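# Structural overview
For reference, the chains in residue letters:
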Amino acid sequence: MAGKPRSKGRQRVEMKPIEENNARKQVTFSKRKHGLFKKASELCVLCGAQVVIIVFSPANKAYSIGIPDFNMLVDRFLSGAPAPPSLGFAPQIPTVRELAKQLTELMNELEVQEKRAKQLAEISEESEEKYWWEKPIEKLELSELMHLQGLYEELRRKVAERADKLLISEMALAQASMPNIVPLPGLEANPIVRNDNPAPQVFSFRFGEN
Amino acid sequence: MAKTKLKLAWLSNNLARKNTYNQRKKGLMKKAEELRTLCGVNVCTIIFSSYNREPDIWPSQGDAFLTVNKFKELPETEQYKNVVHQEDSLRSRVKKMEGEIHRQLTKNIKHRMTHLMSQALHGQGLHGVGRDDLNYLMVLIEEKMKDVKGRIDVLPENTTIPSGVGGGSGGDEKTDIALGVPLEALQRQQQSWNMNVMSPNDQMGYNGNQMDALYFNNALDDEAFSFLP
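Residues numbered from 1 in each chain as written. Chains lettered and ligands numbered in written order. Predicted model: local features only at pLDDT ≥ 70, side-chain atom pairs only at ≥ 80, totals over all residues. Heavy atoms only, no water.

## Thoughts on the overall build of chain B
For clarity, the threshold we go by: Each helix corresponds to a stretch of at least 4 residues labelled H or I by DSSP, and each strand to a stretch of at least 2 residues labelled E; elements are numbered beginning at the N terminus. Buried residues are those whose accessible area, probed at 1.4 Å on protein chains only, stays under 20% of the maximum for their type, while exposed residues exceed 50% and partly exposed ones sit between those limits. The contact criterion used is simple: two residues touch if any of their non-hydrogen atoms lie within 4.5 Å.
Within chain B one finds 9 helices and 3 strands. Along its sequence from the N terminus, chain B presents helices and strands in the succession α-β-β-α-α-β-α-α-α-α-α-α. Relative to its full complement of 229 residues, chain B shows a buried share of 40%. Counted over contacts in chain B with a minimum sequence separation of 6, partners at least 24 positions apart contribute 49%.

## A few points about the environment of P68 of chain A
Residue and element names in this part refer to chain A. On the secondary structure map, P68 appears in the loop between β2 (62-67) and α2 (70-79). With a relative accessible area of 44%, P68 lands in the partly exposed category. Excluding residues that lie within four positions of it along the chain, P68 makes contacts with Q50 and L73.

## A look at the interface of chain A and chain B
Using the following cut-off: The quantity reported as buried area is the accessible area (1.4 Å probe) lost by two parts once they are put together, taken as the sum for both. By convention in these notes, a salt bridge is any Lys or Arg side-chain nitrogen within 4 Å of a carboxyl oxygen on Asp or Glu.
With 132 residues of chain A at the interface, the matching set in chain B holds 136 residues. Between chain A and chain B the total buried area reaches about 13,300 Å² when both faces are included, carbon and sulfur atoms providing 68% of it. Three residues, L46, F77 and F205 of chain A, lead the burial of chain A against chain B; their summed loss comes to 7% of the area buried on that side. Our count for the contact surface shared by chain A and chain B stands at 6 salt bridges. The salt bridge partner of E42 of chain A is R93 of chain B, with a shortest N-O separation of 3.0 Å.

## Comments concerning the nonpolar core
Which entries qualify depends on this criterion: Think of a nonpolar core as a cluster: buried Ala, Val, Leu, Ile, Met, Phe, Trp, Tyr and Cys residues, connected wherever their side-chain atoms sit within 4.5 Å.
Counting 35 residues, the largest nonpolar core has L148, Y152 and V159 of chain A together with M113, M117, L137 and I141 of chain B as the members making the most contacts within it. Mapped onto this core, the elements with two or more residues apiece are α4 (142-177) of chain A together with α4 (86-121) and α5 (131-154) of chain B. At 11 residues, α4 of chain A tops the list of elements feeding residues into this core. Apart from residues lying up to four places away in sequence, M113 of chain B is in contact with F205 of chain A together with D133, Y136, L137 and L140 of chain B. Counting 27 residues, the second largest nonpolar core, distinct from the first, contains A40, L46 and C47 of chain A together with A32 of chain B.

## Some thoughts on the pairing of strand β1 (residues 43-48) of chain B
What counts is decided by this rule: Here, any two strands with at least 2 DSSP bridges between them count as paired.
With 6 of 6 residues buried, β1 of chain B is to be regarded as a mostly interior element. Neither face of β1 of chain B is left uncovered, since the one carrying V43, T45 and I47 of chain B and the one carrying C44, I46 and F48 of chain B both have all their residues buried. With 6 bridges connecting them, strand β1 (residues 50-56) of chain A and β1 of chain B associate as antiparallel partners. Note that in β1 of chain B the partner of I53 of chain A across the bridge is T45 of chain B.

## Quick word on the pairing of β1 of chain A
Residue and element names in this part refer to chain A. The element β1 is largely enclosed, with a buried count of 7 among its 7 residues. Alternating positions in β1 separate into two faces, Q50, V52, I54 and F56 on one and V51, I53 and V55 on the other, with burial throughout. Relative to β2, β1 runs antiparallel, the two sharing 6 bridges. In the sheet register, I54 faces β2, and the bridge partner there is S64. The loop that links β1 with its antiparallel partner β2 comprises 5 residues; one of these, N60, has a positive phi angle of about 65°.

## Quick notes on the packing of aromatic side chains
Basically, it comes down to this: Ring pairs shown here join Phe, Tyr and Trp side chains whose ring centres sit within 6.5 Å, with only the six-membered ring taken for Trp; geometry is labelled stacked below 30 degrees between planes, edge-to-face above 60, and tilted in between. Placement of a positive charge over a ring is assigned whenever Lys NZ or Arg CZ falls within 6 Å of the ring centre and within 35 degrees of the normal to the ring plane.
This model, assessed by the stated rule, comprises 5 aromatic pairs over all chains. Residue placement shows R76 of chain A over the ring face of F48 of chain B; its charged tip is 4.6 Å from the ring centre. A cation over a ring is seen here: K70 of chain B above F56 of chain A, with NZ or CZ 4.2 Å from the ring centre.

## Examining the sheet that holds strand β2 (residues 56-58) of chain B
Which entries qualify depends on this criterion: For every element, the axis is a line fit to its C-alpha atoms; helices are fit only across the contacting stretch, and the angle between N-to-C directions ranges from 0 to 180 degrees.
The 5 strands lie next to each other as β2(B)-β1(B)-β1(A)-β2(A)-β3(B), forming an open sheet whose pairing is mixed. Edge positions in the sheet fall to β2 and β3 (83-84) of chain B, since each of these pairs with one other strand and no more. Here helix α1 (residues 14-39) of chain B sits on the sheet in contact with β1 of chain A together with β1 and β2 of chain B, set at roughly 165° to β1 of chain B. The strands touched by helix α2 (residues 61-73) of chain B are β1 and β2 of chain A together with β1 and β2 of chain B; relative to β1 of chain A, the strand with the most contacts, the crossing angle is about 70°.

## Considering the pattern of salt bridges
All names here are of chain B. Per the counting criterion, the structure on display carries 15 salt bridges over all chains. Ionic pairing is found between D56 and K25, a salt bridge with its closest N-O pair at 3.8 Å. Within this pair, whereas D56 is found in strand β2, its partner K25 is found in helix α1, the two being separated by 31 residues in sequence. As a salt-bridge pair, D153 and K149 come within 3.2 Å of each other at their nearest N and O atoms. One end of the pair, D153, and the other, K149, are both in helix α5, 4 residues apart, so they sit about a helical turn from each other.

## Some details on the side chain of N108 of chain B
Structurally, the position occupied by N108 of chain B is in helix α4. Residue classification places N108 of chain B among the buried residues on the basis of a relative accessible area of 3%. Those residues in contact with N108 of chain B that sit more than four places away from it in its chain are Q113, R116, A117 and L120 of chain A.

Rendered as structure tokens:
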């Protein structure tokens, strides 16, 4: 399956200072800072901990995170006060709880889709060998291309036909349950079918190209 | 390292929570150290938990103290500029995840449609194909047609279809698609079809624009993902 050239993947990085103030240092700093904060956030949600982190960039800018409250934690640290006994429980702020829940659900969903992608990829590989029209078009001759064009035309017609049929049967159904409403010619007043999928009209498979 | 599914919720199991805390606390401090080593910057991490009276600190209480003071010495505007809030960070992760899901969904739909199209070209009908899929299929067909046309235009000009094309390369496979129509008849048809492609609206069975209004949903709802079977 043709794909963009893959990068080398996870590399072991040597733990020594990055020489000079170059782009790699800045990028590394940025990414790792982000990762650090992310891990801190997870620790707080999972274990009910309270974390404060301060980081200075190579350019001496200050970045910080404090969960649940930065200033409160810094003051507690500076004053030497101990951790309060109420610690260790689930995030109290409802929005944080909700977001964490949402994030988990999304992660599960992504996993489902990725599994599906694997299944579909296998099917695709098989059929690419079976059907000549699935060959990359550069490999097709002019005659094949023209043939293909005709086939697409025919298929397009059939798709339109079927769509028509479905539309008509749906409108008939709708009319049957609402006999007093005069159907608008051609257009539906309200789409009957709920469409949660990405809308085809603003949709392009090209963005999905690997 | 084996990747276990992370459920981002408070761990109610006491033992699991304690172990997780110790593990992740260690990991967090290691990451902080790596950041300092690689980029030569000031970092401090202070963790309060129900497991210790004192906070767990990296690098050391003294060093952390210095870093905090360095921070406090900054003008207030500088201090508050880059504070990360947990809500915002979670929100942006949610958004990112939704984007990834959308991308994956799109890929999956494309694969399904390619498969569906091949089946249809192979002679199997479109029975049982729902409206959503019909829409997607149409999108795919249009894109493929564009590609094919583009490719044809690029090839050296060839106005007449060579008569010997029936016995051309890969001849065998061609006989089993074609929706049941013999190859030669198709080729004859092609010339008229190709002319129709130039002026599609009147000749073909439908009008492009009207189709759009009928079949294509206007709203792109980013938040509701109804996942395909």
